[in-house]
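# Residue-level structure breakdown
What follows is the residue order along each chain.
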Amino acid sequence: MTLMVPASSDAKSGWARRFVRWLVRRFYPGIEVAGGERIPQSGPVLFCANHANSLIDPVLIGIAAKRPVRFLAKAPLFDVPVLGAIMRALGMLPAYRGSDDARQVRRNMESLDAAADILQTGAAMGIFPEGKSHDAVQVEMVRSGAARIAIQAAENGTRGVTVVPIGINYERKERFRSGVWVVVGEPIDVDQWLVRHDGDSRAAMRAMTPELDRRLKAVVVHLDEPKWEPFLGELEILAPQRKDAPRGKVARVRQRKRIADAMNHFRAVDRPRADAVAAEIDAYRRAVRAEGLRTDGPILRWDGWKTFGMLVWQRVWTLALFLPALLGTLFHIVPFTIVRAGAAKIRAPGRTTNSQSLLFVGLPTYALWYVAVGWWMFDYFSTWFAATMLAAMPFLGLLALGYWRNAQQAVWWWWHQVRFLFRRRRLLELRAQRRALQTTLATLAAEYELVSPRPVAPPRTPWTTTARRVTINAAVTTAALVVGWFVGHWLWERAVIDADGGVDLAAIPRATLEARLERDEAALRAILRELGELETRAKRVQDDFSAGRRSYSNETDNDEIRRLLLSYINPRTALVRLIWRYQRYAQLEDDRLRLRAFLVGYASASALYDASLKFVHDFAPDAPAVARLNEGDPTWSIPTGLHSTVENNLASPSNRKLLAAADQYYAAHRPRYEESNLGLASPSHGPFHLAISRSAQTAERLAGSTWKTETVVAAKNLKRLVGTIRYQTQSSISTWIGDFKIREPRTGESLIGPEHLALLAKKLEPGDILLERRNWYVSNAFLPGYWPHAALYVGTADDLRAMGLDEDPRVKPHWSKFAAPDSDGHPHVIVEAMSEGVVFSSLEHSIGGADSAAVLRPNLSREEKIEAIAEAFSHAMKPYDFEFDFESRDKLVCTEVVYRAYGANAGPIRFPVREILGRRTMPAIELVRKVKEESAADTADLSFVAFIDGDEQTGECRFCEDDADFHDTLGRPALTMLQGFESDPLRRIGPFGWALSALIAAFTLGNLAYYGWRGEFDDAP
């Protein structure tokens, strides 16, 4: 009876082969093949490999071979549903082993004959000569089947048969995403093998089996003495891989094999010494375990700051990745548990079938889970949100796999540190024992190196040497600094005046020029007196801020800063004009006129330089002050970035050159001023010489070196440029997030309808504060509380005319834009800050697009509300503040419009501003808290007017005039999907709902704790 060789179609076996190889590569992404060039890509080949991982091993041989390979596999597997069909599709042959069914063992000869027949066709055949899969770290008895197939094929006339030994070495075969090292051994040419044995096929067969055994042991992590296996793991810790050893994904497996080979060597050549070292290792291990430690603990390997740094770094990452890892775990905990339970039912004892059982159960389970959850998410959430979440979940799941093992390890390491905090002597003893053992092992390693030189690592190119890396890093750093300096220099290099400009003084009649000089000299004397007074005022204001008597969040105090800026800007402008007007002094032929013209220009430049130096340096240490000085304010005609502009002008090489040239001219002509009665004693010109002297003294005290000044200013400008880019990026991302919903129920229609809007409009008065909420927006998750938005109702254009605001200087610049209707023809009645900036909105666009809204009324006089509305208009068209910083005025967040309108801390209402993530701000929910806390007081700042309560669960709105429901919004969560759990939960979801929730929570947390603490998440597919 002959066993028929199944003839599966190439197309059918091809797709099956590609699929299982792709699948195994997902489970073991770190597969590395060594010696692959030894595998013939054509002709008859018999692959002989060790068998450690059941059905995964044949796939790995196929990956290494890069050609179709058929295998002998135990016959019972062909009777397994689905699996048997896959094996037949792959062209496998059944092998009948006595351990499976003694009655069928005679059919095994038929299987070997069939395998020989396959070789005759020039195909590749695979066999596991050990006969079964196992967990032992050794090559078990090699049977004669492989030799029989190869010799029989040659006897049947097949030429060129090659036997290729393959070693499959797993980092941890049961662990998902661990490394695999496939080593191709020295092939056996069967034709030459027969010639070596004089054509005696029986002798050749008998000799080939032990030769295969020897060659397999050369490519596999193999221990001649299985009882030494526990020492292998300890030696991997005590004798880590050398820095000059070959690197790669499977470096740890390479090191494990070398250690195993060394153990075999010393066992053979010096057994007593090997036993003594084993006893020493065992004693160390028992001593460590007796203290509750592990031999791989960092407390035994390192000391001092290195251990502390590693533990701190480990803890930082543990905390930083907790939320994404938890999210990935919670999403996958159900299929993970199903896969773990299902795989346990079908896998054999030991670890040989772990990976295949996890794959066979995990693939359909996870696929069905993603389909089911995806179906629900696409139905419940918006398409983009569901797609984003489903795309992110595989990555979060992979993160979660290793996270819990690392978290458990971090806990152990920290516990070890705590345990030995006051047992330093015992810790030092263990470390000394470890060092002695490592010294012994180093001696053995050096001896083994002489017997079996370590494989040479690929030579490192000169570009990877330490010296070259240092050179490259230094060059890159230097280049970056140079480029940064020039970029910064380019950003601020500008002259105060145009060197080629100025008035043509020679063309002006003498009498006219003398009269103009008289006026300008008088003006300059007045400016010098004004700058002296300004310096005194600025010092007093600066001291007030430093002492806490003034605050940058106080509008009155901010106004004082603006007045100081105006007091500086106006004389600064006048001085620049004088410098420009008299820069062509050299054209004048009259000596006295030339001296006077130069003195006016030079004294103006000196006064400007003196005031600028003090302006920059006096405020430089106070970062909030610099921020205020850099804020522009169109209402006060203050340009943006004034402090930075002045600082740049001081550092400008062009300005410095002009001033240096003037210094030289003045020094050379100083005697001429005394001779011409234009010197220090002159009542008219003496103040100019004093100003020049004061400027020189200030420069000596504050200016510093030119190189240092230019470098510092260049760095600041570069930092500002990076900050601008960062802010623009942040604003783009924030705008993108703020414009997206995770769900679009009711085809995107809001809960507030026209009827609710009509009722609300009847209750509104100019000056009212509006709170708004739009459900399902992603941005709600990043803001505290139920209410994410606030705005100011200012009334219609007719209302503003009735209040006389159409002619107010703060309103008038924006009147035409406000008085015009919006794009839908609705009147503007609201001032609010949105991602587009501080804009005017209609009631239909703002409240009409919301799902909940509320109205609060300031308990103020009509005049106070009119002032608040005008102040709100003064901020119109400013950009939105994506940093939510109440300290800045040049950009505003939504609640800041309300805050600024009513005068901030100096105004009639004291707002609940608090610090969040280091920034002073006011979430809209704080207004609700303020109203509730002050509701019983006669002096309440705000009163509740109305509340439109949108219920996402019912899809309806309630118009509430009772403040109790409004106060309850303090307890509502920001996320819409959590609405309904904030109050009276038993009434909303019932006892059954709570019981189900408790069951799900217990199931999730129980599995999380069980598998996470055991460190088994990393074994999951």
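Everything that follows concerns the structure shown earlier in this document.
The structure contained in this document is the topic of the report that follows. (Residues numbered from 1 in each chain as written. Predicted model: local features only at pLDDT ≥ 70, side-chain atom pairs only at ≥ 80, totals over all residues. Heavy atoms only, no water.)

### Quick look at the pattern of salt bridges
- Here the structure, examined in full by the defined rule, presents 51 salt bridges.
- Here Lys173 ties to Asp135 by a salt bridge, and the two come within 2.7 Å at their closest N and O atoms. Separated by 38 residues along the polypeptide, Lys173 in the loop between strand 6 (162-170) and strand 7 (179-184) and Asp135 in the loop between strand 5 (124-127) and helix 5 (145-155) bring together distant segments of the chain.
- Residue classification places Lys173 among the buried positions, given a relative accessible area of 6%. (Salt bridge = Lys/Arg side-chain N within 4 Å of Asp/Glu carboxyl O. Helix = DSSP H or I, 4+ residues; strand = E, 2+ residues; numbered from the N terminus. Buried < 20%, exposed > 50% of the residue type's maximum accessible area, 1.4 Å probe, protein only.)

### Observations regarding helix 20 (residues 591-619)
- With 29 residues, helix 20 should reach 42 Å at 1.5 Å per residue; the first-to-last C-alpha distance of 42 Å fits that figure.
- Across the 29 residues that make up helix 20, a large majority, 25, are buried.
- Capping the start of helix 20 is the job of one residue whose side-chain oxygen sits 3.2 Å from the backbone nitrogen of Arg592: Asp590. (Expected span 1.5 Å × (residues − 1). Polar contact = N/O pair within 3.5 Å; in protein donor to acceptor, adjacent residues only side chain to side chain.)

### Topic: empty space enclosed by the protein
- Counted under the stated rule, the structure contains two cavities of 30 Å³ or more.
- A volume near 90 Å³ is recorded for the largest cavity.
- In terms of lining, the largest cavity is formed by Asn558, Ile561, Arg562, Leu565, Arg628, Glu631, Gly632, Asp633, Ile638, Lys878, Arg889 and Asp890.
- Considering each element in turn, the lining of the largest cavity owes the most residues, four residues, to helix 19 (residues 555-581).
- Taken together, the residues of the lining of the largest cavity break down into three nonpolar, two polar and seven charged.
- The calculated volume of the second largest cavity comes to roughly 30 Å³.
- For the second largest cavity, the full set of lining residues is Lys741, Pro745, Arg746, Glu749, Asn775, Trp776, Asp851 and Glu952.
- Taken together, the residues that form the lining of the second largest cavity break down as two nonpolar, one polar and five charged. (1 Å grid on protein atoms, 1.4 Å probe; cavity = no way out; pocket = protein on both sides within 12 Å on 5 of 7 lines; lining within 4 Å. Points joined across faces, edges and corners; volume = space filled by probe spheres on them. Nonpolar A, V, L, I, M, F, W, Y, C, P; charged D, E, K, R; others polar.)

### Some words on the state of the cysteines
- The tally for this structure, following the rule as stated, stands at zero disulfides.
- Cys957 takes part in no disulfide bond, and the closest cysteine sulfur, belonging to Cys960, lies 9.3 Å away.
- Among the residues examined, Cys957 registers a relative accessible area of 16% and is labelled buried. (Disulfide = S-S within 2.5 Å.)

### Considering the pairing of strand 2 (residues 45-49)
- With respect to burial, strand 2 is a largely interior element, five of its five residues being buried.
- The alternating pattern of strand 2 places Val45, Phe47 and Ala49 on one face and Leu46 and Cys48 on the opposite face, and all of these are buried.
- In this sheet, strand 5 lies alongside strand 2 in parallel orientation, the contact comprising four bridges. In the sheet register, Val45 faces strand 5, and the bridge partner there is Ala124.
- In terms of strand pairing, strand 2 meets strand 6 through five bridges, oriented parallel. (Pairing = 2+ DSSP bridges.)

### Remarks on the nonpolar core
- Core analysis: the biggest nonpolar cluster contains 59 residues, and Leu505, Leu524, Phe598 and Phe615 have the highest contact counts within it.
- Sequence-distant contacts of Leu524, defined by excluding residues within four places in its chain, comprise Leu575, Leu578, Val600, Ala603, Ser604 and Phe688.
- Formed by 53 residues, the second largest nonpolar core is a distinct cluster that contains Ala797, Phe911, Val928 and Phe966. (Core = buried A, V, L, I, M, F, W, Y, C linked by side-chain atoms within 4.5 Å. Contact = heavy atoms within 4.5 Å.)

### Focus on the side chain of Arg434
- Tracing the backbone shows Arg434 in helix 16 (residues 424-451).
- Buried charged residue Arg434 carries no salt bridge. Nearest counter-charge: Glu234, at 7.1 Å.
- Discounting chain neighbours no more than four positions away, the residues touching Arg434 are Ile237, Leu238, Tyr284, Thr295, Leu300 and Arg301. (Lys, Arg positive; Asp, Glu negative; His and termini not counted.)

### Points about the packing of aromatic side chains
- Following the criterion strictly, the structure yields 26 aromatic pairs and no others.
- Both rings, one in Phe818 and one in Phe873, keep their centres 5.2 Å apart while their planes meet at 75°; by these two values the pair is edge-to-face. Taken together, the residues Phe818 in helix 28 (residues 815-819) and Phe873 in helix 30 (residues 862-873) connect sequence positions 55 residues apart. For the pair Phe818 and Phe873, one class covers both residues: buried.
- Three or more aromatic residues link up through ring pairs in this structure, and these residues are Tyr585, Phe598, Tyr602, Tyr665, Tyr666 and Tyr673.
- Seen from the ring of Tyr786, Arg972 lies directly overhead, with NZ or CZ sitting 5.0 Å from the centre. (Phe/Tyr/Trp six-rings, centres within 6.5 Å; stacked < 30°, edge-to-face > 60°. Lys NZ or Arg CZ within 6 Å of the ring centre and 35° of its normal.)

### Comments concerning a positive patch on the surface
- There is a patch of like positive charges on the surface, built from Arg25, Arg26, Lys66, Arg177 and Lys249.
- Tracing the chain through its elements places Arg25 in helix 1 (residues 10-27).
- Here Arg25 falls in the partly exposed class, since its relative accessible area comes to 36%. (Patch = residues over 30% accessible without salt bridge, like charges linked within 9 Å, V, L, I, M, F, W, Y side chains within 5 Å. Areas by Shrake-Rupley, 256 points an atom, 1.4 Å probe, with all protein chains shown as cover. Charge placed at Lys NZ, Arg CZ, Asp CG, Glu CD.)

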